[in-house]
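A look at the structure
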Amino acid sequence: MPHLGLVTVVVRDYDEAIAHYTRALGFELREDTPQGDGKRWVVVAPPGARETALLLARAATPRERERVGDQTGGRVGLFLYTDDFDRDHDRMRAAGVTFEEAPRREPYGTVAVFRDLYGNRWDLIQHARP
C-alpha cells in the first residue's frame, strides 16, 4: 500500500535548519548524507514517526530562495500532531518557537499555529478524544 514518505521543506542553510528542527521542534535527525557540490540529503522527523519525514532541501536558485518560508502561499501547510499539547507547546515556546495565537479548543481538538525558523506556518494539534 502506498504511503507518504517525505515532504520537502526548502531552507536557507542545512545546519541552521537541522538545529531548528531538532532543538526547537524536537525532531530527530534521521539522515545527513553528502551528495557532492555542497548538496546534502537531510531528513528529520518527529520522534517515533515511522513513515513520514521532512526532507530539508537547501535553496539553490534565486526562485527557490524566494520560496523559503512561504511554500504554501501563507497558509498552514504542515501539521504536527501531539499526544500532549501542553507539554509540547510549553517545550517549543521555551525553545523559542513563535506561536501566532494562544491555544484554542476546536471540535477536532486543541490547536495553535506556529512558524518555523523560516516562517512556514504549522498547526500543533492534539486531537480530541472520542
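From a predicted model like this one, the values you see are computed outputs, not experimental measurements.

Before going further, it helps to examine the UniProt feature "domain: VOC" (unreviewed entry) in the protein. Mapped onto this numbering, the UniProt entry gives "domain: VOC" (unreviewed entry) at residues 3-127. Note that residues 3-127 is 22% helix and 42% strand, and that its end C-alpha atoms are spaced 21 Å apart.

The next subject is the pattern of salt bridges. Inspection of every chain in the model, using the stated rule, returns 11 salt bridges. With a closest N to O distance of 3.1 Å, E28 and R30 form a salt bridge. The class of R30 is partly exposed, set by a relative accessible area of 38%. Linking D70 and R67 is a salt bridge whose minimum nitrogen-to-oxygen distance equals 3.8 Å. Since its relative accessible area comes to 37%, R67 is described here as partly exposed. In the salt-bridge network here, residues are joined through shared partners; they are D15, D32 and R40.

It is worth spelling out the packing of aromatic side chains at this point. Throughout the structure, instances matching the rule amount to 5 aromatic pairs. Between the aromatic rings of Y21 and W122, the centroid separation amounts to 6.2 Å while the plane-to-plane angle is 45 degrees, which identifies the pairing as tilted. Here Y21 is found in helix α1 (residues 14-24), whereas its partner W122 is found in strand β9 (residues 121-127), with 101 residues between them in sequence. Each of the two residues, Y21 as well as W122, counts as buried. Here F27 and W122 contribute two aromatic rings whose centre-to-centre distance is 6.1 Å and whose plane-to-plane angle is 70 degrees, an arrangement assigned as edge-to-face. Of the two residues, F27 is situated in the loop between α1 and β2 (28-36) and W122 in strand β9; the sequence distance between them amounts to 95 residues. Comparing F27 with W122 shows no difference in burial state: the two are buried.

Residue placement: N120 occurs in the loop between β8 (109-115) and β9. Among the residues examined, N120 registers a relative accessible area of 6% and is labelled buried. When residues no more than four places from it in sequence are discounted, the contact partners of N120 are V9, G69, D70, Q71, F114 and R115.

Cut-off values and rules
Residues numbered from 1 in each chain as written. Predicted model: local features only at pLDDT ≥ 70, side-chain atom pairs only at ≥ 80, totals over all residues. Heavy atoms only, no water. UniProt positions renumbered as here; feature names shortened; annotations may be inferred. Helix = DSSP H or I, 4+ residues; strand = E, 2+ residues; numbered from the N terminus. Salt bridge = Lys/Arg side-chain N within 4 Å of Asp/Glu carboxyl O. Buried < 20%, exposed > 50% of the residue type's maximum accessible area, 1.4 Å probe, protein only. Phe/Tyr/Trp six-rings, centres within 6.5 Å; stacked < 30°, edge-to-face > 60°. Contact = heavy atoms within 4.5 Å.

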